[in-house]
Structure formats: structure tokens, C-alpha cells
Amino acid sequence: MSLRPTYEERSIKSANKDDADERVEVQVTPDPEEALAVYRLDVDTSTVDPRKLKRKIDFRLIPWLALLYLMNFLDRGSIGNARLYNMQKDLHLTDKQYLIALTVFFFPYSLFEVPSNLALRYLRPSRWLSFIVFVWGIAMTFHGFAHNYGDLIGLRFLLGLAEAGLYPGIVFYLSCWYKRSELGSRVAVFFSSATVAGAFSGLLAAAIHNMDGIGGRPGWAWIFILEGLATIVVATASFWVLQDFPETAKFLTEAERVYVIRGLQEDMQFSAGGEKFKFKYLRQCLTDWKTYIAMGIYMGFDGPLFAFSLFTPTILSELGFKATAANLLSVPVYAWACMVTCAIGFLGDRLGSRGFINLVLFGTGLVGYIILVASRSAALSYFAVYLAAASIYPTIRKAWVSGNVEGSYKRSAVLGMAIGFGNLNGAVTSNVYRSQDKPWYSLGHGIVLAYIGIGWLCSLAYMILLQRENRARDRGERDEVIEGVDNKHANAENGQYATVADARRKKGDTWSGFKYTL
């Protein structure tokens, strides 16, 4: 397994047929430094069974990450269920105060995501993720002891601060373990736990509410207390269960660790195997146009995601269903979203192309919310909720954005900014379903519709610009000057480097040999 020089790889490719023969003549002889680009060249990996190794990694990583995200989504959305069981009345909250309590959550949740991702890379996942899960478990438990509006505001702020790092952290963490062609299905499986949480939370809330009056606490308080205590238990176990990065994974043999890292490096993850933090990685993130379009894509589905998860029980109850019935009717919606999420994740990995799928998903959401805006039938609106769920929950956008950024610290920063900005829009969408608009909530549905439209347009722009950049690289317009390499397309403005390996390391996804996935 080796890494080939970029110009030799691309010598047989050309957008101009008349130029193709000349480019084929370009030959590169790998130098000793290029050979060292192969991680741990002294380790023999010929005995590693790739399929067995992949199953081993999947089994050790995905189930526990799915459990963590299940607890995350369960805890975050429990306030919507508690509201149905008189929480708002018991805490003497006006509708405006309730919406403010929802909104307060999103500011620390959004702003803390970039520093949290950087801390994850520096402090190790087993320590950092376990710590933040433990903190939010405490915050969730104390929701059950809130007495007034002030208590609730403070607890929602703490909850947002602690939960901020989990989702972007897991997406970044998985990108450090899996190739781009493998990432989508794994992200989909772990994220499907959010849809399970949506279904399970309704059933769980209906059951826990039967504890009303026990210990002098109302039923809605027990929803917070029991879910929070369960989260604390999971957080404590996570310190020992969670693995760190491939280069230090204790459950793998040395040959298996080396095999994983070599595979990632061949898949354009040149930073696999270790990378020291430098501020230039943050600068690369901030000056990359992909970061800002990715923020628009995340805005297009994160805003609707929070609105959907927080208000689905309320919307269903206002369509004429009682509290428990509304919670139970949300169960098949989330079960459907779970199936679609997993299917789309595997389809994206199989096809190796995610842009067109993403456009279709956003298009489905546009249809769903147009129906919700116009509908005056409970049955038709309930059908449209299924279309909305199928559009919002699939995670193909996450794998698409992550797979097109190279450099572990840069990728962590880009994901933190994109996901953080998307989540910040939850502060908007958590306020769009006003009580005076019930039962049809046309204004709220219209605002979510606009968000999905923005996501569709940003996805189209992202795909077009990535394709244009790939074609420019095929034509040699981005070729760097490499010492000892005769390449007529090389341009000093693209950088001058001692070897191809040096160019890879320093330029990341801006290196001329890096190919973006569409």
C-alpha cells in the first residue's frame, strides 16, 4: 500500500485531448522522502483481513456512539413532552417565557461547538465526550427540581453548553476512523438513534407520567429526573468504553492500527496518524469558501430539525389529538425517519455521490412543508409530517461536508462552524410556532419551508463549485511547483514544495491531487 505522486496519477487525465499525449510523458520517480509518506513502513499488514477489521471497528464504535446520541436527543427533546403534562402551568410560564427558555439553549450550544471540537482532538474523545455527557446529565436531572422561570433558564443554558460538543464531535471523530466512502453509512446509523429517541421519548414520557405525585414531584419532573440519571450512568461508563483515535486504539493490534491509518492516508486523509495543532489550520478554515457554503447547508436542515423535534408533539396535539395520543402518533413518524436515514446513508456510500441525493431530500422537504402550509386537514398534515421527517433526518450532508475537508484540526473547525451555525438557527425555529397560530401554524411551517429552500440552493452551489474545482485540477491549473518534477502546468502561485508528500501535508484539501466528492 503506497501513496503515488500526484502528477504521475494525473498524467493520463486531461480535459483537453490535444494536450493528453504531452501530459502522459510526465514521469516522476519517487524519492526516499516520498516512501516515508507511507505510515509505519516497517510494519507488515498483509495478515490483516479488511472485512473482519471493519466489523471489529464498527462493533466497538458505532453502538456506543449511537447510545450517546440517543441520550442527547432524548434529553434535549424531553421539554416538549414535559410541556404536554403541565410543566408550563406548574412553573407559571407564559408562552413567551417558554419560547425564550427554548431559545436560550441554542446560544451556548452553537458558540461552544468549535472550541469543543478542538478540545476533543487535544484532550482525547474518551475524556472529553465523557465529561460533557456527565455535565449535561446533571443539568437534565435538575430540570426536574426547577421551581420557576429563572431556574429553567439557567438549566437550559447549562444544558446547551454541555451538549454542544457531542454531535460535531462524533461526526469529526468518525471521520478520523473511516474513509470517505465508508463514512456516510456509519454517520447514518449513529444518527438514526435520534429518530429512535423521537419515537422512544413519546412512549417513555407517557409511561413516566404515571409516576405523577411520587415523592411529591409531578409527572413531568420525573421525565427529567429519570432521563438525567440514566445519562449520568452512561457518561460514567463512557470513560472506559470509548476509544480514542486509530493510532492509539487498544482494541486493535499494531498491524491493524497501521492498516487503518494507511487506508485513511490513501483516501486523502494525510493527517491520519497524528497532527500537531497550529493556528494556520483555523486560518485555513476561515478562508475556505467551502466552510461558508457548508454553513448554509447545515442551516437548511438543522433549523428545521430542531423545530421538528421540539414541536411535533405540540403540532399533533393541536390537530385534535390528546397529549398521550399525540406522543404515540409521533412514534411511527420517527420510525419512518430512522429507516430513511439508514437507507440514504448506505446508498450514498454505495454510489460515492451525495450531492444529487441531497437535492432530492431537500426537495422532498419543500413538498412536505408546502403541504403543511396549505393544508387544513389533520390527515393530510399528518402525511406531510412523514415527508418532512424523510427530508430533515438523513445525515448525508454531514458525510459530504466532512469528506471534502482534509486536515484533522481544519476538519474539526469546519464541522464546528457549520454545525454551530446550523444549530444557532434553532434559536429562530424554536420561536416560530406561536400559540396564536394554532392549530395549523402556517407561519411556522412557512419559515421552516424557507430554511429548507436555503439548504437546497446552498447544496446546488456546493456541488457546482466542487465540480468546477475538480475540473480545474484535472486540467493542471492547480499544480504546484515540485522540486525535481518537470511539469509544464506547475505554477509558483500554487506553491513551491520539496516533494509531493510535502505539498500534501501542508495544503490538505487544497492540494492539486485532492479530489472532491460530489
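Residues numbered from 1 in each chain as written. Predicted model: local features only at pLDDT ≥ 70, side-chain atom pairs only at ≥ 80, totals over all residues. Heavy atoms only, no water.

K.L.:
Would you take a moment to explain the pattern of salt bridges for this structure?
P.N.:
Should the charged atoms of two oppositely charged side chains come close, the side chains can pair. In total, this model carries 19 salt bridges according to the counting rule given. Where Asp288 meets Lys290, a salt bridge forms, and the shortest distance between an N and an O atom there is 2.6 Å. For Asp288, a relative accessible area of 8% puts it in the buried group. Its relative accessible area of 3% is what places Lys290 among the buried residues. Between Arg411 and Glu406 there is a salt bridge whose closest N-O contact spans 3.6 Å. Residue class for Arg411 comes out buried when judged on its relative accessible area of 2%. Taking the relative accessible area as the measure of exposure, Glu406 reaches 4% and is therefore buried. (Salt bridge = Lys/Arg side-chain N within 4 Å of Asp/Glu carboxyl O. Buried < 20%, exposed > 50% of the residue type's maximum accessible area, 1.4 Å probe, protein only.)

K.L.:
What should I look at first to understand the packing of helix 7 (residues 113-123) against helix 10 (residues 166-175) in this one?
P.N.:
Direction vectors running N to C along helix 7 and helix 10 enclose 45°, while the axes themselves pass 9 Å from each other. In terms of orientation, helix 7 and helix 10 fall into the oblique class. As helix 7 runs across helix 10, the sense of the crossing is right-handed. Contacts between helix 7 and helix 10 involve Glu113, Asn117, Leu120 and Arg121 from the former and Pro168, Gly169 and Phe172 from the latter. Considering only residue class, the contact of helix 7 with helix 10 consists of three nonpolar, two polar and two charged. (Axes fitted to C-alpha atoms, helices over the stretch in contact; angles between N-to-C directions. Helix = DSSP H or I, 4+ residues; strand = E, 2+ residues; numbered from the N terminus. Parallel < 35°, antiparallel > 145°, perpendicular 65-115°, else oblique. Left-handed = near helix turned anticlockwise from the far one by under 90°. Contact = heavy atoms within 4.5 Å. Nonpolar A, V, L, I, M, F, W, Y, C, P; charged D, E, K, R; others polar.)

K.L.:
Which parts of the structure should I look at to understand the packing of aromatic side chains?
P.N.:
Where two aromatic rings form a pair, the distance of their centres and the angle of their planes describe that pair. Summed over the entire model, instances satisfying the criterion amount to 24 aromatic pairs. With centroids separated by 5.5 Å and ring planes inclined at 35°, the aromatic side chains of Tyr69 and Tyr167 adopt a geometry described as tilted. Note that Tyr69 is positioned in helix 4 (residues 50-84) and Tyr167 in helix 10, a separation of 98 residues in sequence. On the basis of relative accessibility, which here comes to 1%, the residue Tyr69 falls in the buried class. Between Tyr298 and Phe301, the ring centres sit 5.1 Å apart and the planes meet at 45°, which makes this aromatic pair tilted. With Tyr298 and Phe301 both in helix 15 (residues 289-318) and three residues apart, this pair spans about one turn of that helix. Across the pair, Phe301 and Tyr298 agree in class, each one buried. (Phe/Tyr/Trp six-rings, centres within 6.5 Å; stacked < 30°, edge-to-face > 60°.)

K.L.:
How should I be thinking about the nonpolar core in this particular structure?
P.N.:
Generally speaking, nonpolar side chains in soluble globular proteins are found buried as a group. Membership of the largest hydrophobic core comes to 136 residues, with the highest contact counts inside it found for Phe308 and Tyr393. In terms of residue count, helix 4 provides more of this core than any other element does, 14 residues in total. The next biggest cluster of nonpolar side chains, apart from the first, holds six residues, and it includes Val340, Leu361, Ala390 and Ile396. (Core = buried A, V, L, I, M, F, W, Y, C linked by side-chain atoms within 4.5 Å.)

K.L.:
How should the environment of Ile370 be read in this particular structure?
P.N.:
The residue Ile370 is located in helix 17 (residues 355-374) in this model. For Ile370, a relative accessible area of 48% translates into the label partly exposed. Residues Ile370 and Leu449, 79 residues apart in the sequence, show an inter-C-alpha distance of 7.1 Å.

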